[in-house]
Amino acid sequence: MKSILGISAFYHDSAAAIIINGEVIAAAQEERFTRKKQDSSFPKNAIEYVLKETGYRIDDIDTIAFYEKPFLKFERLLETYHAFAPRGLNSFLSAIPIWIKEKLFMQKLLRDELKSLGAEKKVKILYLEHHMSHAASAFYPSPFKSAAILTIDGVGEWATTTIAYGQNNSISILREMSFPHSLGLLYSSFTYYCGFKVNSGEYKLMGLAPYGNVNADETKKWKKLILDELVDLREDGSMILNMDYFNFATGLTMCRNKKWESLFGIPKREKESELSQPYMNLAMAIQQVTEDIVIRLGATARQLTGSENLVMAGGVALNCVANGKLVKSGLFKNLWIQPSAGDAGGALGAGLAAWYNNKNLRVVKGGDFMKGGYLGPEFSSADILPVIRRHEAPHKHFDDFDDLSEKVGGILAKGDVVGWFQGRMEFGPRALGNRSILGDPRRPDMQKKLNLKIKYREGFRPFAPAVLEEDMKIFFDLDCPSPYMLLVAPVKEERRKPVPKGYEELEMYNRLYHLRSDIPSITHIDYSARIQSVSKKTNERFWKLINAFKQKSGIGVVVNTSFNVRGEPIVCSPSDAYRCFMNTEMDWLVMGDFLFEKRLQPPPSEGDYKSEYELD
Amino acid sequence: MEFLKDFFGFLSERKKFWLLPLMTIFLLFGGLVVMTSGTAIAPFIYTLF
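Note on numbering: residues in each chain are counted from 1, in written sequence order. By the order in which they are written, chains take letters starting at A while ligands take numbers starting at 1. Where local features are concerned, this predicted model is filtered to residues with pLDDT of at least 70; where side-chain atom pairs are given and counted, the filter is 80 or more; whole-chain, interface and lining totals use all residues. The basis for the side-chain values is all heavy atoms of the structure; hydrogens and waters are excluded.

1. Examining the overall build of chain B
Across its full length, chain B carries 2 helices and 0 strands. Out of the 49 residues belonging to chain B, those deemed buried represent 41%. Accessible surface is estimated by sampling points in the Shrake-Rupley manner with a 1.4 Å probe; for residues, cover comes only from the protein chains shown. For chain B, the exposed surface amounts to about 3,200 Å²; the carbon and sulfur share of it is 73%. Put simply, DSSP marks the helices as runs of H or I at least four residues long and the strands as runs of E at least two long, and each gets a number from the N terminus on. Exposed residues in this analysis have more than 50% of their type's maximum accessible area, buried residues have under 20%, and partly exposed residues fall in between, with area computed by a 1.4 Å probe over protein chains only.

Dropping the structure here:
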């Protein structure tokens, strides 16, 4: 038996994953346990959980795999300061204490932390390159014997984008783009300029982009300005950023605000301020440029590898609109994206890379190796009952799950919102039906209700559909399954409703609340949807629930959003779920085989739940 | 000691001995910054950590 513990930590979104004889047994992000969004601390709780799942002690682990190389990263920092000197003094003064106190001595830091988990022996620690960890997380769990690999993110050590080729149990890096020239950092700069938080607001920028006016001169002009002034984009998708406009290499902000203001003619948007049309147009312009770059990189990957399979990871691989365009481009026959494509997934990739570095055999038999992404902790009735007792929560227990799903299917069809807590928690940023809030997509007011009364987040943000895999083509123009909610595709033409003349000139919310299809709450402003196809094989309970909803409503689609409020990590335990349920306007909660109705519950304890979490 | 061994191993692997004086100065300067500041908590900077 060979056991490997993969760790990602000390930047953002720490995580741990355990691999036994090449099989991914468990993986989880630290934030889910500490309840601190994108917690970057050493993933003590996540490690304790993955060990518990296997019954191993820390000293039973053969190898620890860390997801990046600290010295190489430090080399990049020093060379960057050297290259830009005397600029960057402030940034140097901020960064260097952390490096000198902690990060440069990573080996000691890790050993000390492992000791606090009870480690007595000195286990071997391997350091994998950041992009190798991403590449491994994309290729090894994929259903392909060989594939082109594309990893794109902000930055690891030096690399910001890599194209690699994976074959059986090995990965070779073929091309690499280095810091500071980075698609991820370019996109984050626009996230920052549009008033969203870097590292978490990229999703919002992507959701905002469709509100841009595609025909507006401003959008076209800005797209051209980005390509003329900010980015020197080459045919193969590689690029050079004009660093006169960016500040991230040596400063404490992403871009040089004054230069951007004179380039685009609009100031940096203040956080939480009202969103006006120019920012939507700017979001659309950068989204279009991003898609263009991703397609070019895909074409280069195809040309270099000759493979008809593509796998992806890295933060930019979470840009599901670009992914959808890549599918539509037809460059590859098959596309597979690591569901935990961000840095948390690096823990998984590092562990797998360490396993296959030893030339262990890799056997591909049909599906992927991610177990549907359900790699986190599971809670039984015995874990739920103490929560019920503590809160004296009125509930109903169902002996037969079919009865429960039929009941909840009816509740959803009536228009109520249900918190759905089942089985093992998802690994990665998306809730895939085990820690989800669900609603009826036919209701025109569902999007507004979910955003404003349950998630307490910005009203413009779209919601995703979870659709029975076999019914996907009835609703969406997508030819391949999308089990991890990582592909955006159009809602079928015949389901759409026409928009009035002058629609694009209307104020944002007037456009948003216009009925665009017969499943309006998951149809985004441009008729697109971020699809999760649900297979009975992968998640039977979720499939049965959607099917029960279909019996009541005639459609096999529900709204699926993560079980949390804005700024809160997705719920992990029954206690987290009940607390979130009681402090939002969710109508019902299902945990395992228990059903809770809000109006019967005792009032929640005092305190402002949503203000406990910093806005993301 | 383990750190120094790893560090020289890294420099020789990367063939970047020219970084050594630079790094020494940075480390000395950085050490001074650490000694004169109370905490190692820095603001969140995207690319630095």
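2. With respect to the packing of aromatic side chains
All names here are of chain A. What counts as a ring pair is set by centres within 6.5 Å for rings of Phe, Tyr and Trp (its six-membered ring), and what kind of pair is set by the plane angle: stacked under 30 degrees, edge-to-face over 60, tilted for all other angles. Under the defined criterion, the tally for this structure stands at 33 aromatic pairs over all chains. On the basis of an interplanar angle of 35° and a centroid distance of 6.4 Å, the ring pair of F10 and F66 is categorised as tilted. Placement of F10 in the loop between strand 1 (3–8) and strand 2 (15–20) and of F66 in strand 4 (residues 63–66) is noted, with a sequence separation of 56 residues between them. Residue F10 is classed as buried on the basis of its relative accessible area, which comes to 14%.

3. Digging into helix 16 (residues 446–454) of chain A
All names here are of chain A. Those residues of helix 16 not exposed but buried are M446, Q447, L450, N451 and I454. Each buried residue of helix 16 lies within a common arc of 125° when the element is viewed along its axis, so the set occupies one face. Contacts are residue-level and defined by heavy atoms, with any inter-residue pair within 4.5 Å sufficient. Looking at the buried side of helix 16, the elements it contacts are strand 15 (435–439), helix 18 (508–512) and strand 19 (557–562). Where helix 16 ends, the next residue or the one after it, Y456, has phi of about 50°, a positive value. The arc under discussion is defined with respect to the helix axis, by the directions toward the C-beta atoms.

4. A few points about the domain arrangement of chain A
Residue and element names in this part refer to chain A. Considered domain by domain, chain A is made up of domain 1 (1–67 + 69–127 + 347–358), domain 2 (183–334) and domain 3 (381–469 + 532–612). Placing the centre of domain 1 and that of domain 3 at their C-alpha centroids yields a distance of 33 Å. Listed by partner, the interface residues are 15 residues for domain 1 and 14 residues for domain 3. Summed over both partners, buried area is the accessible surface (1.4 Å probe) that two parts give up on being assembled. In total, domain 1 and domain 3 occlude about 1,100 Å² of area from one another, counting both sides; carbon and sulfur atoms represent 54% of this. Sorting the residues of domain 1 by area buried against domain 3 places R32, R35 and K37 first, and these three jointly supply 57% of that buried surface. Salt bridges are defined by distance alone: a side-chain nitrogen of Lys or Arg within 4 Å of a carboxyl oxygen of Asp or Glu. There are 2 salt bridges connecting domain 1 and domain 3. The closest approach of N and O atoms between R35 and E568, which form a salt bridge, is 3.1 Å. Whenever a nitrogen or oxygen atom comes within 3.5 Å of another N or O atom, the pair is scored as a polar contact, on the condition that within protein one atom can donate a hydrogen and the other can accept it, and that pairs from neighbouring residues in sequence are kept only if both atoms are in side chains. The tally of links between domain 1 and domain 3 comes to 8 residue pairs in polar contact (both at pLDDT 80 or more). Looking at the side of domain 1 that touches domain 3, the elements that each hand over two or more residues are strand 3 (23–29), helix 1 (31–34) and helix 2 (44–54). The nonpolar class holds Ala, Val, Leu, Ile, Met, Phe, Trp, Tyr, Cys and Pro. Asp, Glu, Lys and Arg form the charged class, and all remaining residues, Gly among them, are polar. Residues that form the side of domain 1 that touches domain 3 fall into these classes: 8 nonpolar, 1 polar and 6 charged. Residue ranges assigned to the domains are those given by an automatic or database domain assignment.

5. A word on the UniProt feature "domain: Carbamoyltransferase" (unreviewed entry) in chain A
Cross-referencing UniProt, the feature "domain: Carbamoyltransferase" (unreviewed entry) maps to residues 4–351 of chain A in the present numbering. Overall, residues 4–351 of chain A shows 43% helix and 19% strand. The separation of its end C-alpha atoms is 6 Å. UniProt positions are given in the numbering used here, feature names are shortened, and annotations may be inferred rather than shown by experiment.

6. Digging into the UniProt feature "domain: Carbamoyltransferase C-terminal" (unreviewed entry) in chain A
Here the UniProt-annotated "domain: Carbamoyltransferase C-terminal" (unreviewed entry) positions come out as residues 412–598 of chain A. Strand forms 21% of residues 412–598 of chain A and helix 23%; the C-alpha atoms that close the span are 14 Å apart.

7. Comments concerning the sheet that holds strand 17 (residues 487–490) of chain A
Residues and elements named next belong to chain A. The strand order across the open sheet built from 9 strands is 13-21-20-14-15-19-16-18-17, with neighbouring strands paired in mixed fashion. Across the chains shown, the open sheet's two edge strands, defined by having one partner strand only, are strand 13 (396–397) and strand 17. Any two strands with at least two DSSP bridges between them are considered paired. Relative to strand 19, strand 15 is paired through 4 bridges, and the arrangement is antiparallel. Note on strand 19: the bridge partner recorded for G439 is V559. Lines fitted to the C-alpha atoms define the axes, with helices restricted to the stretch that makes contact. Angles between their N-to-C directions range from 0 to 180 degrees. Packed on one face of the sheet, helix 15 (residues 401–413) meets strand 14 (418–421), strand 15, strand 19, strand 20 (588–591) and strand 21 (594–597) and runs near 150° to strand 14. Sheet strands in contact with helix 20 (residues 574–582) are strand 14, strand 20 and strand 21, and its direction is about 175° off that of strand 20.

8. Some thoughts on the environment of I18(A)
Residues and elements named next belong to chain A. Assignment of secondary structure puts I18 in strand 2. Exposure remark for I18: the relative accessible area of 0% places this residue in the buried category. Along the chain, I18 and L225 lie 207 residues apart, while their C-alpha atoms are 46 Å from each other. In this view, I18 contacts I4, E23, V24, I25, A26, V50, L51, T54 and I61; residues no more than four positions away in its chain are not counted.

9. Digging into the interface of chain A and chain B
In this assembly, 45 residues from chain A lie in contact with 29 residues from chain B. Linking chain A to chain B there are 3 salt bridges. E75(A) is paired through a salt bridge with R14(B); the nearest N and O atoms lie 2.8 Å apart. In this structure, the connection of chain A to chain B is made through 3 residue pairs in polar contact (both at pLDDT 80 or more). Every element with two or more residues in the side of chain A that touches chain B is listed here: helix 3 (70–84), helix 4 (89–101), helix 5 (106–116) and helix 7 (183–193) of chain A. In terms of residue count, the dominant contributor to the side of chain A that touches chain B is helix 4 of chain A (12 residues). Residues that form the side of chain A that touches chain B fall into these classes: 28 nonpolar, 8 polar and 9 charged.

10. Remarks on the packing of helix 7 of chain A against helix 10 (residues 257–264) of chain A
All names here are of chain A. As a packed pair, helix 7 and helix 10 sit with axes 12 Å apart at the nearest point and diverge in direction by 85°. The angle between the axes of helix 7 and helix 10 places the two elements in the roughly perpendicular class. Of helix 10, the residues touching helix 7 (which contributes S189, F190, Y192 and Y193) are N257, W260, E261 and F264. Note on terminology: angles under 35 degrees are roughly parallel, angles over 145 are roughly antiparallel, angles of 65 to 115 are roughly perpendicular, and the others are oblique.

11. Some points on the sheet that holds strand 2 of chain A
Adjacent strands of a sheet pair through backbone hydrogen bonds, lying either parallel or antiparallel. Residue and element names in this part refer to chain A. Taken together, 5 strands build an open sheet; the order of strands is 3-2-1-4-5 and the sheet is mixed. At either end of the open sheet lies a strand with only one pairing partner, and these are strand 3 and strand 5 (124–127). On average, each strand axis in the sheet is inclined to that of its neighbour by 20°, with strand direction left out of account. By the bridge criterion, 6 bridges tie strand 1 to strand 2 in an arrangement that is antiparallel. In the strand pairing of strand 2, G6 is matched with A17. Of the strands in this sheet, strand 4 and strand 5 touch helix 5, which is tilted by about 135° from strand 5. Along the sheet face, helix 13 (residues 344–357) touches strand 1, strand 2, strand 3, strand 4 and strand 5 and points at about 145° away from the line of strand 1.

12. Points about the environment of T253(A)
Residue and element names in this part refer to chain A. Locating T253 in the fold gives a position in the loop between strand 10 (239–241) and helix 10. Distance from T253 to Y193, taken between C-alpha atoms, is 9.8 Å for residues 60 residues apart in sequence. If we skip the residues at most four places from it in the chain, T253 touches Y192, N247 and F248.

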